[in-house]
Amino acid sequence: RRDMPALGVTLYDLRFPSPYASKHPENNTVHAEYYRPEGKGPFPAAVVLDITGGNQMLSRHISNHLARHGVAGLFVQMAYYGKRRPPGSNLRLLMSDLPHTKRAVTQTVLDVRMAAAWLASRPEVDAKRIGVTGTSLGSFISALSSEMEPRLGRCCVL
């Protein structure tokens, strides 16, 4: 997507199909941003998850900061956030509709597991040093994901 040579970071857009299909087609494509540090690696890496408010600025800042300091950051949009929310919809990951929330949480944890697998497949990433971090809602999903995914050997909840 773009090089940021002054920061030593290259930013890429990443999309992949969610392993869990919801009834909303927009939500079934996972959108992510990969912040790759300059150099050959191997780099440690982290999946980065956003806050409940979900304007994505905090997670972009964290991912960029990690990459500037030699850690590949993969900001993953959670279910029903950003481009994953159907247009004109008020759907969110957490809602008073508990069956919806359970499905959305399950989907997001599976999406994070796929993101960890993608990171582990990258030649510039040290597959033995992959973690997950999130703030607010992202911390809840981070904790669940790290419990369920063996590749996520480190978890930082904020």
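Right, let's walk through the structure included here.

Conventions we followed
- Each chain carries its own residue numbering, running from 1 in the written order of its sequence.
- Given that the model is predicted, a residue must reach a pLDDT of at least 70 before its local features are reported, and side-chain atom pairs must reach 80 or more before they are shown or counted; all residues, however, enter totals for whole chains, interfaces and linings.
- Only heavy atoms go into the side-chain values, all of them from the structure, while hydrogens and water stay out.
- Secondary structure elements follow DSSP: runs of H or I of four or more residues count as helices, runs of E of two or more count as strands, with numbering from the N terminus.
- Restricting the calculation to C-alpha atoms gives the radius of gyration, and the globule rule supplies 2.2 Å times the number of residues raised to the power 0.38.
- Three exposure classes are used, based on accessible area relative to the maximum for each residue type with a 1.4 Å probe and protein chains only: buried under 20%, partly exposed in between, and exposed over 50%.
- Throughout, a contact is declared for two residues whenever any of their heavy atoms are within 4.5 Å.
- Only the protein chains shown count as cover for residues, and the accessible areas themselves come from Shrake-Rupley with a 1.4 Å probe.
- Counted charges follow a simple rule, with Lys and Arg positive, Asp and Glu negative, and His plus the chain ends left uncounted.
- Note that the charge is assigned to NZ on lysines, CZ on arginines, CG on aspartates and CD on glutamates.
- Here a cavity denotes a set of grid points, spaced 1 Å apart and computed over the protein atoms alone, in which a 1.4 Å probe fits but from which it cannot get out, and a pocket denotes an open set meeting protein on both sides within 12 Å along at least five of seven lines; residues with an atom within 4 Å of a point are reported as lining.
- Grid points are joined across faces, edges and corners, and a volume is the space filled by probe spheres set on the points.
- Under this grouping Gly is polar, as are all residues other than the nonpolar Ala, Val, Leu, Ile, Met, Phe, Trp, Tyr, Cys and Pro and the charged Asp, Glu, Lys and Arg.
- Helix axes are fitted only over the stretch in contact, all axes being lines through C-alpha atoms; the angle between N-to-C directions runs from 0 to 180 degrees.
- For classification purposes, an angle smaller than 35 degrees is called roughly parallel, one larger than 145 roughly antiparallel, one from 65 to 115 roughly perpendicular, and anything else oblique.
- In this scheme, a crossing is called left-handed if the near helix is turned counterclockwise away from the far one by less than a right angle; it is called right-handed if the turn is clockwise.
- We define a nonpolar core as any set of buried Ala, Val, Leu, Ile, Met, Phe, Trp, Tyr and Cys residues linked to one another through side-chain atoms lying within 4.5 Å.
- Definition used for salt bridges: Asp or Glu carboxyl oxygen within 4 Å of a side-chain nitrogen of Lys or Arg.
- Residue count minus one, scaled by 1.5 Å, sets the expected span of a helix.
- Being paired, for any two strands, means DSSP has found at least two bridges between them.

## Describing the overall build of the protein
Logical step 1: Across its full length, the protein holds three helices and seven strands.
Logical step 2: Of the regular secondary structure in the protein, the N- to C-terminal order runs β-β-β-β-α-β-α-β-α-β.
Logical step 3: The C-alpha radius of gyration of the protein comes to 15 Å, within 12% of the 15 Å expected for a compact globule of 158 residues.
Logical step 4: Counting across all 158 residues of the protein, residues that qualify as buried make up 51%.
Logical step 5: For the protein, restricting intrachain contacts to residue pairs at least 6 apart in sequence, the fraction spanning at least 24 positions comes to 65%.
Logical step 6: As presented, the protein carries roughly 7,800 Å² of accessible surface, and 57% of it is formed by carbon and sulfur atoms.
Logical step 7: Separation of charge centres in the protein, based on 20 positive and 12 negative side chains, amounts to 1 Å.

## Details of empty space enclosed by the protein
Logical step 1: Here the structure, examined in full by the defined rule, presents one cavity of 30 Å³ or more.
Logical step 2: Estimates place the volume of the largest cavity at around 40 Å³.
Logical step 3: The wall of the largest cavity is formed by Asp-50, Gln-56, Phe-75, Val-76, Gln-77, Met-78 and Tyr-81.
Logical step 4: By residue class, the composition of the lining of the largest cavity is four nonpolar, two polar and one charged.

## Notes on the packing of helix α2 (residues 98-121) against helix α3 (residues 137-148)
Logical step 1: For the pair α2 and α3, interaxial distance at closest approach is 9 Å and the crossing angle is 60 degrees. Looking at the two axes, α2 sits oblique to α3. Relative to α3, α2 is oriented so that their crossing is right-handed. Within the contact between the two elements, α2 uses Val-105, Thr-108, Val-109, Val-112 and Arg-113 and α3 uses Phe-140, Ile-141, Leu-144, Ser-145 and Met-148.

## Side note on the nonpolar core
Logical step 1: Counting residues in hydrophobic clusters, the biggest one holds 30 residues, and the most contacted among them are Val-47, Leu-49, Leu-74, Val-76, Leu-93, Leu-119 and Ile-141.
Logical step 2: A total of seven residues in this core trace back to one element, the largest contributor, which is α2.
Logical step 3: In terms of nonpolar packing, the next biggest core, distinct from the first, is built from six residues, Val-9, Tyr-35, Ala-67 and Phe-75 among them.

## So, the pattern of salt bridges
Logical step 1: Counted under the stated rule, the structure contains seven salt bridges.
Logical step 2: Ionic pairing is found between Glu-149 and Arg-113, a salt bridge with its closest N-O pair at 2.7 Å. Taken together, the residues span a long stretch of sequence, with Glu-149 in the loop between α3 and β7 (152-157) and Arg-113 in helix α2 at a distance of 36 residues.
Logical step 3: The partner of Glu-124 in a salt bridge is Arg-122, and the shortest N-O contact between them spans 3.2 Å.
Logical step 4: Looking at Glu-124, the relative accessible area reads 4%, which means it is buried.
Logical step 5: Given the relative accessible area of 29%, Arg-122 is considered partly exposed.
Logical step 6: A cluster of three or more residues bridged by salt bridges with shared partners is formed by Arg-36, Arg-122 and Glu-124.

## Things to note about α3
Logical step 1: The end-to-end C-alpha distance of α3, which contains twelve residues, comes to 17 Å, matching closely the 16 Å that a straight helix rising 1.5 Å per residue would cover.
Logical step 2: Among all positions in α3, only Leu-137, Gly-138, Ser-139, Ile-141, Ser-142, Ser-145 and Ser-146 are buried.

## Topic: the sheet that holds strand β1 (residues 2-4)
Logical step 1: The mixed open sheet is built from seven strands, whose spatial order is β1-β2-β3-β5-β4-β6-β7. The two strands at the open ends of the sheet, each matched to only one other strand, are β1 and β7. Going from strand to strand, the sheet's axes swing by 25 degrees on average, the running direction of each strand aside.
Logical step 2: As defined by bridge partners, β1 adjoins strand β2 (residues 9-17) across three bridges and the pair is classed as antiparallel. Looking at β2, one finds that Met-4 is bridged to Val-9.
Logical step 3: Where helix α1 (residues 57-68) meets the sheet, its contacts fall on β1, β2, β3 (29-37), β4 (43-49) and β5 (72-76), and the angle it forms with β3 comes to roughly 35 degrees.
Logical step 4: Where α3 meets the sheet, its contacts fall on β4, β6 (125-134) and β7, and the angle it forms with β7 comes to roughly 160 degrees.

None of the figures reported here should be taken as evidence of function without further support.
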